[in-house]
Amino acid sequence: MSMIVMTYNLRIDVEADGNNAWPLRFQEAARSIAKASPDIVGTQELNASMLRDLEGLLPEYAWIGEGRLGGGEGEFNAIGYRRDRWTAEDSGTFGLSETPETLGAISWDSNCPRICTWARLRGTRGSERLVFNTHLDHMSEEARREGMRLIVERMTEARRIRPLPTLLTGDFNCEPDAPPHKGLTDAGFVDAYSVWPGEDGPGRTYHAFQGGKSGKPIDYIYVTPDLRIRSVALDRTMYEGRYPSDHYAVTVELEERE
């Protein structure tokens, strides 16, 4: 069963962004998601109000997640999935801290609370996927390393209980040679950029509403080896003369290995 997966940091609603503030670009953000028509999209930096905006424009998607302070408070790492293709069998959110069951906690010199949202989705043909979505800290290398260690532990335990194809989407706030990536590859996960055509690599995924390609990515999709990565792409499109976010959306096409 093939599927399209997206990771997308949509930039929190900040009035100081001026012409790039969320109220002026949320329709473009929804258009960019609709254009790719992903089965599953892992988002970062949405709050509850922003999520409601997307729900109104993308009724074909259901959403899972809660704010990093618990309930509807704070930024979400929401997971959206196509209602006509998938059903959520189980889901949850844990904190990236020494007390992961307590949302809002801070550990490892993190600048703010960080979380990971997960879901077990069942497709219309009966196949299942485990999906994890996160946003690592933008300041503390220790928090990024330890946060990813915790995520890998949770993914490994989930696969021990149910050995399902698993994928991780997220803004890692670090480049490909940073410790969080080694933790993932040591655990057997495969970076979607490994199939990027050519030698130059994908370039930057965070662009501060400036566009351009120069640099390295900080947004990633990793999968277990039982999923074949058919292609990976960045959406650098401007809509109505503006970028939908200060990050490019990353999409991968996947299929389950026989």
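Now for a look at the structure at hand. (Residues numbered from 1 in each chain as written. Predicted model: local features only at pLDDT ≥ 70, side-chain atom pairs only at ≥ 80, totals over all residues. Heavy atoms only, no water.)

1. As for the nonpolar core
Move 1: Of all hydrophobic cores here, the largest spans 48 residues; its most connected members are Ile151, Leu168, Phe172, Leu184 and Leu254.
Move 2: Counting residues per element, this core draws most heavily on helix H3 (residues 141-161), which supplies six residues.
Move 3: Filtering out sequence-adjacent residues up to four positions away, phenylalanine 172 remains in contact with Thr134, Leu136, Arg144, Met148, His181, Leu184, Ile218, Tyr220 and Tyr222.
Move 4: Counting residues in each nonpolar core, the second largest holds 19 residues, with Tyr8, Val41, Leu54 and Ala249 among its members. (Core = buried A, V, L, I, M, F, W, Y, C linked by side-chain atoms within 4.5 Å. Buried < 20%, exposed > 50% of the residue type's maximum accessible area, 1.4 Å probe, protein only. Helix = DSSP H or I, 4+ residues; strand = E, 2+ residues; numbered from the N terminus. Contact = heavy atoms within 4.5 Å.)

2. Here's the deal with the sheet that holds strand E3 (residues 61-64)
Move 1: Within the open sheet, the six strands sit side by side as E3-E4-E2-E1-E12-E11. Their pairing is mixed. Every interior strand has two partners, whereas the edge strands, E3 and strand E11 (227-235), have only one. Between one strand axis and the next, the sheet turns by 20° as a mean value, whatever way the strands run.
Move 2: Bridging between strand E2 (residues 40-44) and strand E4 (residues 79-82) involves three bridges; their strand directions are antiparallel. Following the sheet pairing, isoleucine 40 is matched in E4 by tyrosine 81. (Pairing = 2+ DSSP bridges. Axes fitted to C-alpha atoms, helices over the stretch in contact; angles between N-to-C directions.)

3. Let's talk about the packing of H3 against helix H4 (residues 179-186)
Move 1: One way to put it is that H3 packs onto H4 with a least axis distance of 8 Å and a crossing angle of 15°. Relative to H4, the element H3 lies roughly parallel. Handedness of the crossing formed by H3 with H4: right-handed. Residue-level contacts link Glu141, Arg144, Arg145, Met148, Val152 and Met155 of H3 to Pro179, Pro180, Gly183 and Leu184 of H4.
Move 2: Its residues placed into classes, the contact of H3 with H4 shows six nonpolar, one polar and three charged. (Parallel < 35°, antiparallel > 145°, perpendicular 65-115°, else oblique. Left-handed = near helix turned anticlockwise from the far one by under 90°. Nonpolar A, V, L, I, M, F, W, Y, C, P; charged D, E, K, R; others polar.)

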